[in-house]
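Here is what each chain is made of, one letter per residue.
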Amino acid sequence: MEKSEYLKLFHEMVVIRRLEERAAELYQQGKIGGFLHLYIGQEAVCTGLISARQPVDRVITAYRDHGVAISCGLSAREVMAELLGKATGCSRGKGGSMHMADVSKNFWGGHAIVGAHLPIAVGLALADAYKSQPAVTICMFGDGATNIGYFHEALNLSKVWNLPVLWVCENNQYGMGTAVERASAVSEIRQKACGYRMPNDSVNGMDIIEVRETALRVLEEIRNGSGPQLLEINTYRFRGHSMGDPERYRKPEEVRKWEENDPIGIYQRYLIEHKIATEQELDEETSRAEAEIQDAVEFAEASPEPGAEELFAHIYSEA
Amino acid sequence: MTTMTMREAISQALWEEMERDPDVFILGEEVGVWGGTYAVTKGFYDHFGADRVRDTPIAEAVIVGAAIGAAMAGLRPVAELMTINFAFSAMDHIVNEAAKMHYMFAGQMILPLVIRTVGGGGRQLAATHSQTPDAVFAHFPGLKVVAPGTPADAKGLLKASIRSNDPIFFIEHATLYQTRGEVPEGDYTIPIGKSIIQRQGKDVTIVTYSKMLEVSQKAADQLAKEGIEAEIIDLRTLRPLDMEPVIASFKKTNRAVIVEEGWLSYGVGAEISARIYEEAFDYVDAPIKRVAQKEVPLPYNRTLEQMALPQVADVINAVKEVL
């Protein structure tokens, strides 16, 4: 990677972190409604993973989708505007936090029913196989999604049809408030892929370099016809499941322990130790990211509400 | 015009659309090697090949989910659910994904998707395999629900559905596959969302669709012998619902009977009668009557099953009550 690419990834992680922090503030001020699931702590996952994709590769994810949207190339402005329900949001204020997408950037959405987008990923990959496109569908989901039937139907059929899918389990240790080992018969999620004769791997999701390098290798294998694979990325969300989560299911010490492995801090040390960037350069990158988020907030707040004509628009694509 | 069965008409529609557009493909249980459990896709696998006639595991969620994904990515899948009763296993994908996607992402996701399925009772398959829950599916904005009653309509509506860019839930009736009817020659489509007058009359309006069109026509034949002229409106599409011919007919006859195979409560009849009262109250000469399935899980025993299903005599009696 060029230095600028390393810095771009750092910038992206900080943008996501700051975006989520500001979103939490705006939520507390009542400017964001509904549910708000923050990505704080998991930034290395989407940033490392999606940096490894080719433009033809499709990305589809669950409801914790703000970071994924940024990594797919959506602007902080349109993400923030969507959170505020504005007409300038990526879904024109009709999807909200859990339903962001930009098809032009091959980001096929945040999907809010746990596991339901896995069968859809099978179809996206099927379309590429049908048209002999050299594309991989990257389908991200949480550990909780591996206990619902859709996961098993989707993995099975993707293997039966040998489709180009990278199944990515973001194992953040909890499905809402239920720890993996309390909900899943196997707590090492990657083992579930063995039942479908699917190659699988696991990586430390707090280390962006490890995530990226593994993703590069696996995506290339799939592109070259390996069939579907599963990648378990171990990570942790530093905040609650959503805003207002009392977090009775975990101890503050556990959160603090994971926070010592902050993915941004790990990457920062990596860049400095490997003399790729100086502390000053990273500080400047952080300032730029903060300015970008400040601009996004101002843009979103100044943006218009969707007009009443939006209410009945898009129910169908045809009359 | 050629005379053919409903099965042949549906099969022809699929065949012609697959010949016309290489992006059209079929997926579902036993659609390929077997040739379709109702023999609708017989011969397709050998002609179009395994890529375009895709046998799936018995896993309805991924059948519909994969069809949604393929449609989002630009193909034109026709997913077959062996019966409408199994659609409940894919309900999440039908109502939470297919019906919502275009709206929720402000028009970014286009879903040229058809879900073909088979509903209806009358074949002694008992409670889990005999349901007519059409109204359930018609409840959701974002889906289009089509349920033809004649071979000609089935062919034209299925071709229109395959060419549509919206998700279509296409309900066939298990006991109509052998029904014969005249079908126009050559390529034609019938617009989705248009009700039609299937029989002219001046004394009473019968509103119906699918299998109950046949039952209503038999009732109208018998009523005609007694000098009662029933006008029959076939809805053909349950959502979007075209009330225009219904209201026009009602303003002429001032009396209506709605005949559906599903259960009475919260059903198609409830919707149609409410709309008539709302839109043509001043024309009402008698309380509207609904003929529907008795509110029981359909039993296996033939006599009991037929007691529960709407019969020709039920329609005749209802007409006489409103006259």
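Every value quoted in this text rests on a predicted model; they were computed, and no experiment measured them.

Thresholds applied
Residues numbered from 1 in each chain as written. Chains lettered and ligands numbered in written order. Predicted model: local features only at pLDDT ≥ 70, side-chain atom pairs only at ≥ 80, totals over all residues. Heavy atoms only, no water. Pairing = 2+ DSSP bridges. Helix = DSSP H or I, 4+ residues; strand = E, 2+ residues; numbered from the N terminus. Axes fitted to C-alpha atoms, helices over the stretch in contact; angles between N-to-C directions. Contact = heavy atoms within 4.5 Å. Buried area = accessible area lost by both parts, 1.4 Å probe. Salt bridge = Lys/Arg side-chain N within 4 Å of Asp/Glu carboxyl O. Polar contact = N/O pair within 3.5 Å; in protein donor to acceptor, adjacent residues only side chain to side chain. Nonpolar A, V, L, I, M, F, W, Y, C, P; charged D, E, K, R; others polar. Domains from an automatic or database assignment.

1. Comments concerning the sheet that holds strand β4 (residues 165-171) of chain A
Residue and element names in this part refer to chain A.
Turning to step 1, where the next piece is worked out: Pairing within the open sheet is parallel, and its 6 strands lie in the order β2-β1-β3-β4-β8-β7. Edge positions in the sheet fall to β2 (107-110) and β7 (200-204), since each has one partner strand and no second. The average angle at which neighbouring strand axes cross in this sheet is 15 degrees, direction not considered.
Turning to step 2, where the next piece is worked out: As judged from the 6 bridges shared by strand β3 (residues 137-142) and β4, these two strands associate in the parallel manner. Note on β4: the bridge partner recorded for Cys139 is Trp167.
Turning to step 3, where the next piece is worked out: Contacts between helix α2 (residues 43-51) and the sheet are confined to β1 (58-61), β3, β4 and β8 (229-234), with β3 contributing the most and set at about 170 degrees to the helix.
Turning to step 4, where the next piece is worked out: Helix α5 (residues 117-130) contacts β1, β2, β3 and β4 of the sheet and is inclined by roughly 175 degrees relative to β3.

2. A closer look at the interface of chain B and chain A
Turning to step 1, where the next piece is worked out: Taken together, the 46 residues of chain B in the interface contact 41 residues of chain A.
Turning to step 2, where the next piece is worked out: Of the roughly 3500 Å² buried at the junction of chain B and chain A (both faces included), carbon and sulfur atoms supply 63%.
Turning to step 3, where the next piece is worked out: Our enumeration of links across chain B and chain A arrives at 1 salt bridge.
Turning to step 4, where the next piece is worked out: Here B:Asp23 ties to A:Lys131 by a salt bridge, and the two come within 2.7 Å at their closest N and O atoms.
Turning to step 5, where the next piece is worked out: Our enumeration of links across chain B and chain A arrives at 25 residue pairs in polar contact (both at pLDDT 80 or more).
Turning to step 6, where the next piece is worked out: Contributions of two or more residues to the side of chain B that touches chain A are made by β2 (24-28), β3 (53-55), α3 (60-72), α4 (91-98) and α5 (101-104) of chain B.
Turning to step 7, where the next piece is worked out: A total of 9 residues in the side of chain B that touches chain A trace back to one element, the largest contributor, which is α3(B).
Turning to step 8, where the next piece is worked out: By residue class, the composition of the side of chain B that touches chain A is 23 nonpolar, 11 polar and 12 charged.

3. Notes on the domain arrangement of chain B
Residue and element names in this part refer to chain B.
Turning to step 1, where the next piece is worked out: Assigned domains within chain B: domain 1 (2-183) and domain 2 (196-322).
Turning to step 2, where the next piece is worked out: Between the C-alpha centres of domain 1 and domain 2 the distance comes to 26 Å.
Turning to step 3, where the next piece is worked out: Counting residues at the interface gives 31 residues for domain 1 and 28 residues for domain 2.
Turning to step 4, where the next piece is worked out: Three residues, Gln124, Thr132 and Ala147, lead the burial of domain 1 against domain 2; their summed loss comes to 24% of the area buried on that side.
Turning to step 5, where the next piece is worked out: At the surface where domain 1 touches domain 2, the tally comes to 1 salt bridge.
Turning to step 6, where the next piece is worked out: For the pair domain 1 and domain 2, the number of links is 19 residue pairs in polar contact (both at pLDDT 80 or more).
Turning to step 7, where the next piece is worked out: When contributions to the side of domain 1 that touches domain 2 are tallied by element, the ones reaching two or more residues are α6 (134-138), β6 (144-146) and α7 (151-163).

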